[in-house]
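Structural overview
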There are 2 protein chains.
Amino acid sequence: MSKPAERDEQAVGQFVENAAMTFAEWGFSRMAARVLLTMTTSDEEALTAADLAERLAVSPPAISGAVRYLMQLGIVERRPVPGSRRDSYRLRDDAWYVSAGTIGGVYQTLADLTDDGVRALGSEPSPALDRVRDMRDFFRFVHDEMDGLLERWRQSKKDRATRDRATKDRTDS
Amino acid sequence: MSKPAERDEQAVGQFVENAAMTFAEWGFSRMAARVLLTMTTSDEEALTAADLAERLAVSPPAISGAVRYLMQLGIVERRPVPGSRRDSYRLRDDAWYVSAGTIGGVYQTLADLTDDGVRALGSEPSPALDRVRDMRDFFRFVHDEMDGLLERWRQSKKDRATRDRATKDRTDS
DNA sequence: CACAGCATTCACAACATTGTGAAGTTAAGG
DNA sequence: CCTTAACTTCACAATGTTGTGAATGCTGTG
């Protein structure tokens, strides 16, 4: 058995920044993305605002805004630290599942919005009406598919967990 | 039978701007979104850059950048106008299908990026490793699901078209 | 082959975004 | 009840983004 590779702190930092920037390009708040990735890559169960501020070398207000954003998306939970005035922040176990659901809600918004467009175009047949109806239907379709997709993801994750546990059990024996 | 509702130009304009802004919030280039929606809601098969510039009250360079963006995503096609030096731009029929595929590619990028994170964390078991692996698997999963989802959309659209044609045929008879 | 008509590129200016420092607010502990 | 430690709000400054006008390049046509 080869010796296990160790955590490469510099590479982890690069990954955090790279992934955060890719998220940001997608409309995700930049600082929130950096906070999210920092939390994802740290072994601590929960981090305080001060921890995050230090690791990212930014000021507390920046953290304040970022965690509010993340909490609104349901990705992060706030917990008071017993015996201290600090709050700590913890990633929800099902963070990706939840955030995907939230993001999926955008398709509903888009579908509703597009329905306004359908109405604005009148009932007379026209190429524009065809296109906008198609657009609306597409958004509705994707929204409807989202539920099934997330359910399959959860199932797939559960299967993997079961398999891994079985492997571990064999190893233990 | 009630008289058919007519196209409400003002409402259409509002829809264009609303939808464009929603797209923009999602990382879509603002002007590109306005161009896309304008094309979607116009009855003409194709529009020239000048048409677009006039309808949106912006300068030609803005259109230039926007259509390049849209062409890169495979949403729009450029066609020379016969008998003129102008180019015209046309929405692809399968615009939503194609663009969704392109956007789906982001999940591949994210999965690859996250795989770097997995490597950076080393092979020693740790909470961080679990989380980042989970993240990578999620992106992979969504990417893999995308194909099936788009196939189902295409099928659903085809079914609808068939049904509509049947309805029309009955009406015609 | 020169000109006319578009599209594009470039530098810039207006605008929006985002993180900082300082002041304000809340709550725990002496 | 006052002090202190944390989080938050606010105004501002730095920065990045985005569309404009002027200049440039390209292409078809007479």
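What you see is a predicted model, and the numbers here were worked out from it, not measured in a lab. (Residues numbered from 1 in each chain as written. Chains lettered and ligands numbered in written order. Predicted model: local features only at pLDDT ≥ 70, side-chain atom pairs only at ≥ 80, totals over all residues.)

**Focus on the pairing of strand β2 (residues 76-80) of chain B**
Two faces, one strand: in a regular strand the side chains alternate between the faces of the sheet. Bridge count for β2 of chain B against strand β3 (residues 87-91) of chain B is five bridges, and the pairing is antiparallel. If you follow Pro80 of chain B over to β3 of chain B, its bridge partner there is Asp87 of chain B. (Pairing = 2+ DSSP bridges. Helix = DSSP H or I, 4+ residues; strand = E, 2+ residues; numbered from the N terminus.)

**Topic: the UniProt feature "domain: HTH marR-type" (unreviewed entry) in chain A**
Residues annotated by UniProt as "domain: HTH marR-type" (unreviewed entry) correspond here to residues 26-86 of chain A. Summarising residues 26-86 of chain A: 52% helix, 13% strand, and an end-to-end C-alpha distance of 32 Å. (UniProt positions renumbered as here; feature names shortened; annotations may be inferred.)

**Quick look at the protein's contact with DNA strand D**
Around DNA strand D, a shell composed of 18 residues is seen, among which Ala49, Pro61 and Ser64 of chain A together with Ser59 and Ala62 of chain B lie nearest. Residue assignment for the surface near DNA strand D shows that the elements contributing at least two residues are α3 (49-56) and α4 (60-72) of chain A together with α2 (30-40) and α4 (60-72) of chain B. The residue inventory of the surface near DNA strand D, partitioned by class, reads eight nonpolar, five polar and five charged. (Near = placed C-beta within 6 Å. Nonpolar A, V, L, I, M, F, W, Y, C, P; charged D, E, K, R; others polar.)

**So, the sheet that holds strand β1 (residues 46-48) of chain B**
Through backbone hydrogen bonds, the strands of a sheet pair up, either in parallel or in antiparallel fashion. Residues and elements named next belong to chain B. Overall, antiparallel pairing links the three strands, which are arranged β1-β3-β2 in an open sheet. Edge positions in the sheet fall to β1 and β2, since each of these pairs with one other strand and no more. If you compare each strand with its neighbour and ignore which way they point, the axes differ by 35 degrees on average. (Axes fitted to C-alpha atoms, helices over the stretch in contact; angles between N-to-C directions.)

**Points about the protein's contact with DNA strand C**
The immediate surroundings of DNA strand C are formed by 19 residues, with Met31, Ser59 and Ala62 of chain A together with Pro61 and Ser64 of chain B found nearest. Contributing elements (two or more residues each) for the surface near DNA strand C: α2 (30-40) and α4 of chain A together with α3 (49-56) and α4 of chain B. Ranked by residue count, the leading element in the surface near DNA strand C is α4 of chain B, at three residues. Residues belonging to the surface near DNA strand C are distributed by class as follows: eight nonpolar, six polar and five charged.

**Here's the deal with the nonpolar core**
Ranked by size, the top nonpolar core spans 37 residues in total, and within it Ala32, Ala33, Val35, Leu36, Ala66, Val67 and Leu70 of chain A carry the most contacts. If you list the elements that add at least two residues to this core, you get α1 (9-25), α2, α3, α4, β3 (87-91) and α5 (95-120) of chain A together with α5 (95-120) and α6 (127-172) of chain B. For Leu36 of chain A, the residues in contact, after removing those within four places along its chain, are Leu70 and Ile75 of chain A. Leu110, Ala128 and Phe139 of chain A together with Met39 of chain B belong to the second largest nonpolar core, which has 36 residues in total. (Core = buried A, V, L, I, M, F, W, Y, C linked by C-beta atoms within 7 Å. Buried ≥ 20, exposed ≤ 12 C-beta atoms within 10 Å, placed from the backbone. Contact = placed C-beta atoms within 7 Å.)

**Here's the deal with the relation of the copies chain A and chain B**
Once chain A is rotated about the relating axis by 180 degrees and shifted along it by 0.0 Å, it coincides with chain B to within an RMSD of 0.1 Å. The superposition of one copy onto the other is thereby described by a two-fold rotation axis. Among all C-alpha atoms of chain A, that of Gly27 of chain A lies closest to the rotation axis, at 2.3 Å. Here 100% of the contact residues of chain A are again contact residues in chain B; the copies associate through an equivalent surface. (Least-squares fit on C-alpha atoms with pLDDT ≥ 70 in both.)

**A short note on α2 of chain A**
Of all 11 residues making up α2 of chain A, 10 are buried, and the element is well covered by its neighbours. Along α2 of chain A, the residues classified as buried are Met31, Ala32, Ala33, Arg34, Val35, Leu36, Leu37, Thr38, Met39 and Thr40 of chain A.

**Focus: the sheet that holds β3 of chain A**
Residue and element names in this part refer to chain A. Strand order in this open sheet of three strands is β1-β3-β2, and the pairing throughout is antiparallel. Lying at the two open borders of the sheet, with one neighbouring strand each, are β1 (46-48) and β2 (76-80). In this sheet, adjacent strand axes meet at a mean angle of 35 degrees when their direction is disregarded. Each of β1 and β3 touches α3; the most contacted strand, β1, lies at about 80 degrees to it.

**Brief notes about α4 of chain B**
All names here are of chain B. The end-to-end C-alpha distance of α4, which contains 13 residues, comes to 18 Å, matching closely the 18 Å that a straight helix rising 1.5 Å per residue would cover. The set of residues buried in α4 consists of Ile63, Ala66, Val67 and Leu70. Buried residues of α4, viewed axially, fall in a sector of 95 degrees; they line one side. Exposed residues pointing more than 90 degrees away from the buried face of α4 are listed as Pro61 and Gln72. Directly after α4, the chain includes Gly74, whose backbone phi takes a positive value near 75 degrees. (Expected span 1.5 Å × (residues − 1). Arc of directions from axis to C-beta.)

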